[in-house]
Each structure stands twice: as structure tokens, then as C-alpha cells.
Amino acid sequence: METRLLGILLVLTGLLAGSATAWGQSAGRAADQVIDPSVERRQIRRADIDSENFEIGPYVGMLSIEDFGVNTVVGLKAIFHVTEDIFTEANIGFSRAGNTSYERLSGSAPLLNGSDRDYRYWNINLGLNVLPGEAFLGSNKAFNSSFYLIGGLGTTEFAGDKHFTVNGGFGYQLIMTDSFALRIDVRDHLFELDVLGSKEVTNNFEGTVAVTWFF
Amino acid sequence: MLFVASFSAHAGKQNQQVKVADPYVDMRTGPGRGYPIFHIARRGAELELLSRRTDWVQVRLVDGKEGWVDLQQMRRTLQDDGSNTKFNDGSMADYVDHRWEVGVMGGDFGGANVLTGYGSFAFTPNIAVELALSQLLGNVSNGHIIAVNLSHTFFSRSRISPFISLGVGELVVKPQTSLVQADNRRYDTAIAGLGVKAYLTRRLMFRAEYKDYFVFTDRDENEDVREWKLGFSVFY
């Protein structure tokens, strides 16, 4: 009887000890897994590459201010290329109005004084490249080019007031090197002006040449 | 000295190399689908990434040939760890997660033309704070509005999502100089609005909104001005 009890006790002790060892082993394995995952973590890397979707540069040209003659215009343009076809553009430009024919012929008091003759504008436009292509100079040189349509809204400060201005036109871009481009633009700026008696929509045509830098 | 150091550091920078996995990739003379294909790079060829313009990547081959490869084909090239090359660009997924937004809008403010530039920052996919600067150009007076709005966007994970906004601002009105000379008038205003945003392409989105301005005047009655605007924005 006693030997049977002793036997059971021995078996129980053995089982306990065995399971304890097994538990210790499994705990050890779990710890190993935490430190060394069997599946390698995948690193998502993005290509380390310069995006050149911005373009900025000065421009100069001629602006025909309705009734006030053709005058030099200078400005700055910034462009963001959204896709290869669509781009957004912001411009600020400065000019100064000349004399109207009336002022020159009648010899009467000038219609506008001092800073009222300053013509300043800004606008934000959406452009669409419609005829992308290549232009050739001689037989060895080729420049990438593009013809685009563009239009937008902005403000013109002229004759002492600010005027809501709609502008639209077209342009031609010639990419001279990887970083520099030449842009030739023709625009019409439309706004209402009441300097000459009645309020009327004026058409102010502008032709400019810009040199822009991609970055 | 600093300049020289930074210059040499720049020159020493190694461009990333990727390997062509497709049977071949087309190399074009310019960054656009209209430019002619002048060369191909075969499977296994090493491409050095030089620059990127919209959906085109400028690459250089070992023999020095440089050309522009379509982004779709570049996505199937392999990096040195064997994974596909990833590029940062605007997508619907980026649109859903975007935080910053900058845009311009034009429209009508109680009969006057209005031009607005705004920037907004999203705290969560739904809630954003925005700062808007508007220029008003009317028949008899001009002016501007500076406003801060808090907006809540519904269904921000879908391509088209409506939003509502509440804000406060200051309205400054300046009579035109061809009329009587008068001082600028300033009014505080409370703004309630609703609108819709739609994802277009890359980083470009369309936005239309209608706003009601409660202008607090020093007269007996406050004014109520309605405004609608359309525009586009880019997001980051």
C-alpha cells in the first residue's frame, strides 16, 4: 500500500517537473520569437529623386493699356506643374500708363495724376499644354517645346482703384536646357474702367517674354 | 569655404540606381508622351535616377545616354533590395490623408466680384482650420475680408465630399475713388458656409462653396451677405 502511494507521489513529482521544464522551454522559444521575427519587416522606400515641378522667372514685354498707349511691362511668374498637361500659374506685373490721345491733342489737364498712372496686376491661372513637341535649330539642336492655352482671374490696380480682371490667352514654351525655359505669352486682360466718362470693359493686350528656372 | 564644402558634398551625392524588370522600357527625348522614343533600356539594365518632372523620370544609362521614362514603367523597376521602386506623388490615397491645402477661388459676394486665397490645416481627416484672404471688387466699392474658419468634412474618404464651416472675420470696405472720397469702414462678421470638395488628379482638387456672412454694423439692423465661389486647390 505504502509503496503504491510512494509510486503515485513519484509519478506526480515527475510529471510536475517535466511540465515545468516544458513550460520553461516554450517560454524561452516565445522570448526568442519576440527578438527575432521569422518574417522580415518590409521597408517601403521612396525613390530619392529631385522633383522639378516648379518654374519661376521674370518677364518683360509690352502692354497695351486701352486709351493709354503701349507701355513696357515687367513682372514675375511662378508655375506649378500638376501633370504634364495641366499647370497653374501666378503672375505679378507692373507698368505705367502713357497719355491718351485726348490728353495730347487737347492740351487740357491730365486725366490721371502721379501714382494713378501706375498699372499693377496679379492673377492666378490654369494652363493646358495642348501641342507638345520639339523644335529644331539647324540639324543638330532640338529643343522640347509646348503650345498652351491659359486663363484665370486676378486684380488690376489702375487709376487709383482695384478692378476685377479676367485674363486669357496662349503661349509657347521652349525648354532651352534641363533647367531653363523660354516662355512667350500673349494675353488679354479684361476689366471695367470708368476714367473716360462711362464705365466700359477695357481690353488690355500684353505680349511678354519670360526666362524661367525649373526647381 | 562653406560654399566649397557644400558643393563637394553635393557633387559626392550618389544618385539612386534601379534595375529594369520589364522586358524593356522606352526612353523619350522629353518629359511628355508627345516626345519621340529614341532608345530602349533592356531588362537588367541599370538606370540612374536624375530628376523628375510631373509623370516623367529622367534617367541615365551606364553608357551615358539620358532620357525620360514614364512613371508607370519606372514603378515596375527594382531597387537594390529587390522591391519595386516607389515614388512620391499625389494620389487618391494621399488625398484622403492630406493635411495641408492651399487654393484660390473666384465668385460673387453680394453682387461684387470676390477673389479668395486660402490655406488650411486638417487636425483629423474631418476637421480643419483655415485662413482665408478675400479681395472684393464691386461697382461702387472695393474691400477685403480676413477670415478664420473651422470646417467639418463628411465622407472624407470618398472622391467627392461635402463640408460645412463656421468662422469669424473682418470685412473692410473702401469706396471707389471716382466717387466721393470716404474713409474705410470696418465690420466684424460671423460666417456660416457649406460646400463640396472633389479630388481631380495628382495633387489637384476642385472646391465650390456657399457662405452666409452676418455683418455686424453699428446701425439698428445687421447685414446679411451671401457669397458663392468656385476654385481649385493643391494639397500636401
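Structural data are supplied above this passage.
Below or above, wherever it landed, is the structure these notes cover. (Residues numbered from 1 in each chain as written. Chains lettered and ligands numbered in written order. Predicted model: local features only at pLDDT ≥ 70, side-chain atom pairs only at ≥ 80, totals over all residues. Heavy atoms only, no water.)

### Remarks on the interface of chain A and chain B
Phase 1: Counting residues at the interface gives 43 residues for chain A, matched by 44 residues for chain B.
Phase 2: Interface area for chain A against chain B, summed over the two sides, is near 3900 Å², with a carbon-plus-sulfur share of 49%.
Phase 3: Between the two partners, chain A and chain B, sit one salt bridge.
Phase 4: For the pair chain A and chain B, the number of links is six residue pairs in polar contact (both at pLDDT 80 or more).
Phase 5: A total of six residues in the side of chain A that touches chain B trace back to one element, the largest contributor, which is strand β5 (residues 118–137) of chain A.
Phase 6: Tallied by class, residues from the side of chain A that touches chain B come to 15 nonpolar, 13 polar and 15 charged.
Phase 7: Relative to strand β4 (residues 46–53) of chain B, strand β1 (residues 50–51) of chain A runs parallel, the two sharing two bridges. Across the sheet, the residue bridging to Ser51(A) is Arg52(B), located in β4(B). (Contact = heavy atoms within 4.5 Å. Buried area = accessible area lost by both parts, 1.4 Å probe. Salt bridge = Lys/Arg side-chain N within 4 Å of Asp/Glu carboxyl O. Polar contact = N/O pair within 3.5 Å; in protein donor to acceptor, adjacent residues only side chain to side chain. Helix = DSSP H or I, 4+ residues; strand = E, 2+ residues; numbered from the N terminus. Nonpolar A, V, L, I, M, F, W, Y, C, P; charged D, E, K, R; others polar. Pairing = 2+ DSSP bridges.)

### Quick word on the side chain of Thr189(B)
All names here are of chain B.
Phase 1: Residue placement: Thr189 occurs in strand β12 (residues 185–201).
Phase 2: Judged by its relative accessible area of 3%, Thr189 falls in the buried class.
Phase 3: Of note is the side chain of Thr189, whose polar atom sits 3.3 Å from the backbone oxygen of Phe214.
Phase 4: The contact partners of Thr189, leaving out residues within four places of it in the chain, are Gly167, Val168, Gly169, Glu170, Leu171, Tyr213, Phe214, Val215 and Phe216. (Buried < 20%, exposed > 50% of the residue type's maximum accessible area, 1.4 Å probe, protein only.)

### A word on the sheet that holds strand β9 (residues 200–214) of chain A
Residue and element names in this part refer to chain A.
Phase 1: Around the barrel, which closes on itself, the eight strands sit in the order β2-β3-β4-β5-β6-β7-β8-β9 with antiparallel pairing between neighbours. Recorded for the sheet is a direction-independent mean angle of 25° between the axes of neighbouring strands.
Phase 2: Of the strand pairs in this sheet, strand β2 (residues 54–64) and strand β3 (residues 70–81) are connected by eleven bridges, and their pairing is antiparallel. When the sheet's bridge partners are listed, Gly61 is paired in β3 with Val73. (Axes fitted to C-alpha atoms, helices over the stretch in contact; angles between N-to-C directions.)

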